[in-house]
Amino acid sequence: MKHLIIKILLFIPFIAISQELLINTSNRNTTSLNGTWNYIVDPYETGYYNYRYEPYDQQLQNNNAAFYNNYHTTNKLELVEYDFDKSLTLTVPGDWNSQYEKLFYYEGTIWYKRSFDYTFSNENNRLFVYFGAINYKAEVYLNGKKLGTHEGGFTPFNFEVTEIVKPTNNYLVVKVDNKRYKEAIPTINTDWWNYGGITRDVKLIEEPKTFIQDYKVQLKKGASKIISGYVKLNNGFANEEVTISVPELKINKSFITDEKGTIQFEINTKNISYWSPESPKLYDVFIKTTQQSLKDEIGFRTIETVGPDILLNGKSIFLRGISIHEENAMRGARAYNDADALVALNWAKELGCNYVRLAHYPHNEHIVKLADKMGMMVWEEIPVYWTVDFANEKTLNNAKNQLGEAITRDKNRAAIIIWSMANETPPSDVRNTFLKNLINHSKSLDDTRLLSAALEKHYKDGFNIVDDEIGNYLDIVAFNQYTGWYGGSLEDAPNAKWNIKFNKPVVVSEFGGGALQGLHGTKNERWTEEYQEYLYEQNLKMIEKIPNIRGTSPWILNDFRSPKRVLPGIQDGWNRKGLISNHGIKKKAFFTMQNFYKKIELQYQ
Ligand code: GCU
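Here's a quick rundown of the structure. (Residues numbered from 1 in each chain as written. Predicted model: local features only at pLDDT ≥ 70, side-chain atom pairs only at ≥ 80, totals over all residues. Heavy atoms only, no water.)

## Some points on the nonpolar core
Core analysis: the largest hydrophobic core is formed by 96 residues, its most contacted members being Val384, Phe434 and Leu438. No other element matches the seven residues that helix H6 (residues 529-543) contributes to this core. In this structure, Ile110, Leu127, Leu147 and Val176 belong to the second largest nonpolar core, which totals 31 residues. (Core = buried A, V, L, I, M, F, W, Y, C linked by side-chain atoms within 4.5 Å. Buried < 20%, exposed > 50% of the residue type's maximum accessible area, 1.4 Å probe, protein only. Helix = DSSP H or I, 4+ residues; strand = E, 2+ residues; numbered from the N terminus.)

Structure, rendered in structure tokens:
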């Protein structure tokens, strides 16, 4: 009988489920699914394709060979060649590479399974399963039913499971595939470790039948006394009341939804304490409907550029930054929680930073929310990195989708001042079309933040030249340069001549060089701390003289894993450009940078 029910269920096409992204999930009615999951390594995707390489989940007949069925049998004759419950376990969240030696270099499919019971707090409510991120591609199933797929390793997604979840013994199965491929975002070639797995939080979210799906509550572009935005209800209707309240600002305003269950609003305010690194004020904001009250903590600030200046709340600032990968170097693994975020941002604070470049992809929400609280401005980037397949429509749509998910998740975070479209992409017409498409998409989703990308310079007739055509479409002209590491003379660096084609703020989004912490010698010996220190001294003398310079984010806060960095005894699989080692020990250049920022801070007081 049970098999018959499963067979019948599988004939039902997808039940209408909502996949629109839920935001501010930490303040919703959630049940964590973090913890121990069973896993099966499946390099040949045996659990997904039959022997004719046809996906089981696109066939009508049920097949218990498909791993997502989590099928068990007591029939001694029946052939079943997998069993999650007898398989090993992985901890979620977390990359698999750092959890088992045998998975360190693994790139392919791993199936995850965890069971759970669920009791609704109200039988009329709805239920969603939410993933903070899965790298790289996910196929998600609940109780043998396919919920959907997601591509992109660094942005959240969710599926509605209201009609599928049972009171007991639900089994959630996820096929994770971190194989790199040319058309992906990022493409096959990157300088970071391809950590695979369910790398961020997983949670169940219970919502009323009509709930607050999405909202934006920020200062209106160019208006420092108008809080504006929208609220979008899921399963919302016209003439529903939505209230926005900010008690500290004595705001409590109600609005009526349109036929799409949405409100747009503008609320005049006064006496705002503007968010800034020096005073990261966050206000309790409540969004209420007749069925729900959702709280968020939101900062209000203005960010704009005027000529070469970046103005935060109308005041010219210098971005005292550092680049950061999403990796806890001491664990040698993906970072994923508050503790990891605190380590990274405390180091940045100690360095004298007011700003971090979260490279080269959207980091987890813990570090973004902590940046809000600590007063650390953020450059958030999508992994359009190096030589992506710019001519491929699917690649562009993938990039737009990842950009959209990042902006949807983080658009209420005052800390985020810059959306970055790309890193070191080779200029061409097709690349410019691709990036202009992303720029337009970004502006359509959020016109309140600055746009940039990490460009490159070139050298001609004695001049360092930045004239990348895409700079015309960006608010901040940022570029990476590695004088003294990938060429160029450190001795001559302070006298470098520049020709930057834009009267816009300039940010050196990367500079630096490698050093093995504890290796000492003369300043002319590559890989010594002294060489890295001298490289920083000379680059900083050059940088502070670049016309319109308004910030920098040296590469990089700490050493990080990269399969490209294999020099025995020096790199051993680590990129050594960190100012801090993978044991958390500061190198001499850390203090060179710290002193530079002390000087800059005095200049901008
Ligand atoms: C590039 C790139 C980084 C890379 C760094 C390096 O600029 O943006 O991702 O790690 O240089 O070569 O170390």
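Here the narrative resumes.
## Some details on empty space enclosed by the protein
By the definition in use, this model includes five cavities of 30 Å³ or more. The calculated volume of the largest cavity comes to roughly 150 Å³. Only strand S23 (327-328) and helix H2 (338-351) provide two or more residues apiece to the lining of the largest cavity. No other element matches H2, which puts five residues into the lining of the largest cavity. (1 Å grid on protein atoms, 1.4 Å probe; cavity = no way out; pocket = protein on both sides within 12 Å on 5 of 7 lines; lining within 4 Å. Points joined across faces, edges and corners; volume = space filled by probe spheres on them.)

## Focus on the site of the ligand
Near the ligand you find 14 residues, and of these Asp191, His360, Glu424, Tyr486 and Glu510 are the closest. Residue Glu510 places a side-chain N or O atom 2.6 Å away from an oxygen atom belonging to the ligand. In the shell around the ligand, the residues fall into five nonpolar, four polar and five charged. (Near = heavy atom within 4 Å. Polar contact = N/O pair within 3.5 Å; in protein donor to acceptor, adjacent residues only side chain to side chain. Nonpolar A, V, L, I, M, F, W, Y, C, P; charged D, E, K, R; others polar.)

## Focus on the sheet that holds strand S13 (residues 241-246)
The four strands lie next to each other as S14-S13-S16-S17, forming an open sheet whose pairing is antiparallel. Of all strands in the sheet, those bounded by a partner on one side alone are strand S14 (251-256) and strand S17 (293-298). This sheet shows a mean twist of 20° between the axes of neighbouring strands, independent of strand direction. For S13 and strand S16 (residues 283-288), the ladder comprises three bridges, and the chain directions are antiparallel. The residue of S16 that forms the bridge with Ile244 is Ile287. (Pairing = 2+ DSSP bridges. Axes fitted to C-alpha atoms, helices over the stretch in contact; angles between N-to-C directions.)

## Comments concerning helix H3 (residues 365-374)
The element H3 is extensively covered by neighbouring structure, given that eight of its 10 residues are classed as buried. Taken as a whole, H3 has its buried residues at Glu365, Ile367, Val368, Lys369, Leu370, Ala371, Asp372 and Met374. Of the residues flanking the start of H3, the one acting as N-cap is Asn364, its side-chain oxygen 3.0 Å from the backbone nitrogen of His366. Residue Gly375 follows H3 closely and has a positive phi angle near 80°.

## Some remarks on the packing of helix H4 (residues 393-410) against helix H5 (residues 429-445)
Relative orientation of the contacting elements H4 and H5 amounts to 30°, with a least axis distance of 10 Å. The angle between the axes of H4 and H5 places the two elements in the roughly parallel class. You can see that H4 and H5 cross each other, and the crossing is right-handed. Facing Thr395, Leu396, Ala399, Lys400, Leu403, Gly404 and Ile407 of H4, the residues of H5 in contact are Phe434, Asn437, Leu438, His441, Ser442 and Leu445. (Parallel < 35°, antiparallel > 145°, perpendicular 65-115°, else oblique. Left-handed = near helix turned anticlockwise from the far one by under 90°. Contact = heavy atoms within 4.5 Å.)

## A look at the packing of H6 against helix H7 (residues 588-603)
Here H6 crosses H7 at 20°, and the two axes come no closer than 7 Å. Accordingly, the angle class assigned to the pair H6 and H7 is roughly parallel. The hand of the H6/H7 crossing is right-handed. On H7, the residues touching Glu529, Glu530, Gln532, Glu533, Tyr536, Glu537 and Leu540 of H6 are Lys588, Ala589, Thr592, Met593 and Phe596. Its residues placed into classes, the contact of H6 with H7 shows five nonpolar, two polar and five charged.

## Some details on the side chain of His150
Secondary-structure assignment places His150 in strand S7 (residues 145-151). Within the structure, His150 has its side chain in polar contact with the side chain of Glu405 (distance 2.9 Å). Leave out the neighbours within four places in its chain, and His150 touches Tyr136, Lys137, Ala138, Thr155, Pro156, Phe157, Asn401 and Glu405.

## Some points on the packing of aromatic side chains
By the definition in use, this model includes 34 aromatic pairs. Note on Phe590 and Phe591: the rings are 5.2 Å apart at their centroids and 70° apart in plane angle, and the pair reads as edge-to-face. Feature note: the residues Phe67, Tyr68, Tyr82, Phe84, Trp111 and Tyr141 constitute an aromatic cluster, connected by ring pairs. The side chain of Lys102 reaches across the aromatic face of Tyr100, ending 5.7 Å from its centre. The ring of Trp485 has Arg526 sitting right over it, with the charged end atom 4.3 Å from the ring centre. (Phe/Tyr/Trp six-rings, centres within 6.5 Å; stacked < 30°, edge-to-face > 60°. Lys NZ or Arg CZ within 6 Å of the ring centre and 35° of its normal.)

## Considering the pattern of salt bridges
Tallying each qualifying case throughout the model produces 36 salt bridges. In this structure, the salt-bridge partner of Glu248 is Lys281, at a minimum N-O distance of 2.7 Å. Of the two residues, Glu248 is situated in the loop between S13 and S14 and Lys281 in the loop between strand S15 (262-268) and S16; the sequence distance between them amounts to 33 residues. Across the salt bridge formed by Arg413 and Asp296, the nearest N and O atoms sit 3.0 Å from each other. Separated by 117 residues along the polypeptide, Arg413 in the loop between H4 and strand S27 (416-423) and Asp296 in strand S17 bring together distant segments of the chain. As far as burial versus exposure is concerned, Arg413 and Asp296 are alike and both buried. (Salt bridge = Lys/Arg side-chain N within 4 Å of Asp/Glu carboxyl O.)

## Description of H7
A rise of 1.5 Å per residue sets the reference length of H7, with its 16 residues, at 22 Å; its end C-alpha atoms lie 24 Å apart and thus fit the reference within 8%. Among the residues of H7, Ala589, Phe590, Thr592, Met593, Gln594, Phe596, Tyr597 and Ile600 are the ones counted as buried. Next to the buried residues of H7 lie strand S21 (319-320), H2, H6 and strand S34 (549-552). (Expected span 1.5 Å × (residues − 1).)

## Here we look at the sheet that holds S15
An order of S11-S12-S15 is seen for the three strands of this open sheet, with the pairing classed as antiparallel. Every other strand in the sheet has two partners, leaving strand S11 (211-219) and S15 as the edge strands with one partner each. Across the sheet, the mean angle separating the axes of adjacent strands is 15° when strand polarity is ignored. Strand direction decides the pairing type here: strand S12 (residues 226-234) and S15, joined by seven bridges, are antiparallel. Of the residues in S15, the one forming a bridge with Lys232 is Thr262.

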